[in-house]
Each structure stands twice: as C-alpha cells, then as structure tokens.
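Here are the chains, one letter per residue:
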Amino acid sequence: MKGIHPGPEKVLLVDQIKKSVLIINQMKKIMRRAKTIRKTLSPSLDDSSSIIFKALSNNIIRVKKMFDTQKIRPKTEQIFSESESFTFTETLIHKSEEFQMKKESLSPTFFTDLQQLDEPKVLWIGGADSRVDPSQILNNPFGSIMIQRNTANQINLENPNVMAVIEQAVILKQVEYIVVCGQTNCAGVQAACGPTDHLDEHFIKFLSPLRELFETVSENVENDSMDVLESMCRENVHLQIRNLMELDFVKDAVEAGRLTLIPLIFDMKKGQLDQI
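Since the structure is predicted, the reported quantities are computational estimates derived from the model, not experimental observations.

**Section: the side chain of Asn150**
- Locating Asn150 in the fold gives a position in strand 2 (residues 145-150).
- The class of Asn150 is buried, set by a relative accessible area of 10%.
- Here Asn150 is in contact with Gly126, Gly127, Ala128, Val162 and Phe206, once residues within four sequence places are set aside.

Structure below.
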C-alpha cells in the first residue's frame, strides 16, 4: 500500500542532510590537499597560516561530530522510521542513499575504488533464508566473495543459473575456495521432508533430489523428526559437495590444488559456522 507522501518540510530536511554530507566530504578533500601543500611548504609557513589550518581542521571535526551524533542523523532516522511518511520504495532508496553517504563520509573514493575490487577468492553457495546473510555473518569487505543463493543451497548441474555462477567463479575469476553452506532448521529442507500437496510444482521439482536424500537419511536415523532434520541439513551440504565434484573443471582444479571445497553449516541457535 502506498504511504502518504512526505510533507515539504521533511523533503527539505532530507535534502539539507544530503547537501551537508557533500559539504563535509568536500571539506575533507580540501583538508587532504592542504596537508600535502603544508608538508611541501612547511618551512615557509608563518604562525598565522598554521593557526588558520588548525582552526579549519577543528571545524571539520566538529561539523562531522554534530552530523553523526547530535542533531542531523538522529532526526533523519526518526523521519524514516515513521512508516506512514514514505512509500516502501522511497524507504529503500533512502536506505541506499544512507549507505552511500556513510561510506563516502569514511572514504570519499570508496565507490571509485570499488570498481577495481572485483577479485574474489571465495564462491559462497548458500540458502536463500533472509536470516543467513553471508555478508553479515562473515563481515568481509566488498569484492572478496562471490555469492550464489537459492532454496536449500542446491547445486543442480542442469540449472543454468547455478552453473553460470560456478563457471564464472572457477574458470574466469579463479577463486581459491568454494564454500557450500547449509543451516540448521532450513525451511527448504523441512519442505522436502514433509507433505508436498500444498507446494507448487516448480518448488517440488527443484527440491526433488532432497526427497531422495530424505528416504536414505530417515532410514538411518532412529530418533525423532528433529534428529532427521538436523541430519538432513548436514547431509544436504555433503550432497552438494559431491555434485560439485561431478564437474570436470571443478574436479581438475581441486586435484591440481588450485581449489578447495569447504562444507559448512550455520548453527542458528549459536549464531556460528561449523565445518562438517
């Protein structure tokens, strides 16, 4: 549902915030240039020039501190926390702009540098669960990980989406590691272990390999359904590792020592990764 369009005073405030960030970034650029000039000309600088330089530096620090902690940032957070003020799309755009401003306030050349950072060492193949975001749980910098996510972290060798990512990672990017990460209490695995009458045909077809795995696991696990689910989540990861080794270019890279396959599971209760 479309929200009420923000009032002109809120639009004006947000616009002022953006302009303030741009001014701060420009001031920081001036400071860096001034420092370079000062180092070059330091023998010829008089006391008054040094005082002016120091005052400028202190003002930049004061303005940035005010933006981050005192007045502007808390106010804009309050505005965008009011769901009736902005549409969902406008809120997404704001979050993106906030991300941009935060990164550029720390490093004005962040996005320029980012264009040169596409040299990942890792391909992460994980589930689509919103609670298990590899960028969050690994806390890795931009450009270090390629990510392929789908329901129950499946590696279907007939799926062009999955195959294109694996080929790009191993052949073109020459990653050193492929991580296959499952998770405890995986909804996709749960769906594959239960009745399928309520599921769409595409979902059933996508998870059909897990149905076959479930028959094997359930025969070997004698305890309750939670033990079966736990075993399924782990065995699913090993199944996907075996699927990877069916690919000649992956197998060759592994045997040559250029590539390592790593099976992991994210424990939802503990909030940590375990190798399995």
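Here the narrative resumes, following the displayed structure.
**Points about the pattern of salt bridges**
- Across all of its chains, the model carries three salt bridges by this definition.
- One salt bridge in this structure joins Lys173 and Asp118, with 2.8 Å as the shortest N-O distance. Within this pair, whereas Lys173 is found in the loop between helix 7 (160-172) and strand 3 (177-183), its partner Asp118 is found in the loop between helix 5 (110-114) and strand 1 (122-127), the two being separated by 55 residues in sequence.
- Note on Asp118: relative accessible area 46%, which makes it partly exposed.

**Overview of unusual backbone geometry**
- Unusually for a residue other than glycine, Ala152 sits at a positive phi of about 60 degrees.
- When you line up the elements, Ala152 lands in the loop between strand 2 and helix 7.
- A positive phi angle, near 40 degrees, is found at Asn153, a position not held by glycine.
- Relative to the helices and strands, Asn153 resides in the loop between strand 2 and helix 7.
- Given the relative accessible area of 2%, Asn153 is considered buried.

**Notes on the pairing of strand 4 (residues 260-267)**
- With seven of its eight residues buried, strand 4 lies for the most part within the structure.
- Bridge count for strand 3 against strand 4 is seven bridges, and the pairing is parallel. If you follow Cys181 over to strand 4, its bridge partner there is Leu264.
- As paired strands, strand 4 and strand 5 (residues 272-275) are joined by four bridges and run antiparallel to one another. Bridging across to strand 5, Ile265 finds its partner in Asp274.

**Let's talk about the packing of helix 7 against helix 12 (residues 248-255)**
- It is the contact of helix 7 with helix 12, at a shortest axis distance of 10 Å, that shows an interaxial angle of 30 degrees. Overall, the two elements helix 7 and helix 12 adopt an arrangement that is roughly parallel. Relative to helix 12, the crossing made by helix 7 is left-handed. Along the contact surface, helix 7 presents Met163, Ile166, Glu167, Val170 and Ile171, while helix 12 presents Phe249, Val250 and Ala253.

**A closer look at the nonpolar core**
- Leu123, Ile166, Ile178, Leu244, Val250 and Leu259 are the most contacted members of the largest nonpolar core, which has 21 residues in total.
- With six residues, helix 7 is the largest single contributor of residues to this core.
- Ranked by size, the runner-up nonpolar core spans 15 residues in total, among them Leu210, Leu213, Val217 and Leu229.

**A short note on the sheet that holds strand 2**
- A sheet is described by the order of its strands in space; here five strands give the open sequence 2-1-3-4-5, paired in mixed fashion. Pairing within the sheet leaves two strands with one partner each, and these edge strands are strand 2 and strand 5. Between one strand axis and the next, the sheet turns through 25 degrees on average, direction left out of account.
- The strands touched by helix 7 within the sheet are strand 1, strand 2 and strand 3, with strand 2 carrying the most contacts at an inclination of about 165 degrees.

**Some thoughts on the environment of Val217**
- Following the sequence through the fold, Val217 ends up in helix 10 (residues 208-220).
- The exposure class of Val217 is buried, given its relative accessible area of 6%.
- It is 9.1 Å that separates the C-alpha atoms of Val217 and Leu229, two residues lying twelve residues apart in sequence.

**Digging into the confidence of the model for the protein**
- In this model, the protein carries a mean pLDDT of 78, and residues with pLDDT of at least 70 account for 67%.
- No element of the protein has a lower mean pLDDT than helix 3 (residues 72-81), which averages 53, and none a higher one than helix 12, which averages 97.
- In this model residues 1-5 is a low-confidence stretch, pLDDT under 50, and it forms eight contacts with partners more than four residues away in sequence or in other chains.

Analysis parameters
- Residues numbered from 1 in each chain as written.
- Predicted model: local features only at pLDDT ≥ 70, side-chain atom pairs only at ≥ 80, totals over all residues.
- Heavy atoms only, no water.
- Helix = DSSP H or I, 4+ residues; strand = E, 2+ residues; numbered from the N terminus.
- Buried < 20%, exposed > 50% of the residue type's maximum accessible area, 1.4 Å probe, protein only.
- Contact = heavy atoms within 4.5 Å.
- Salt bridge = Lys/Arg side-chain N within 4 Å of Asp/Glu carboxyl O.
- Pairing = 2+ DSSP bridges.
- Axes fitted to C-alpha atoms, helices over the stretch in contact; angles between N-to-C directions.
- Parallel < 35°, antiparallel > 145°, perpendicular 65-115°, else oblique.
- Left-handed = near helix turned anticlockwise from the far one by under 90°.
- Core = buried A, V, L, I, M, F, W, Y, C linked by side-chain atoms within 4.5 Å.
- pLDDT = per-residue confidence, 0-100.

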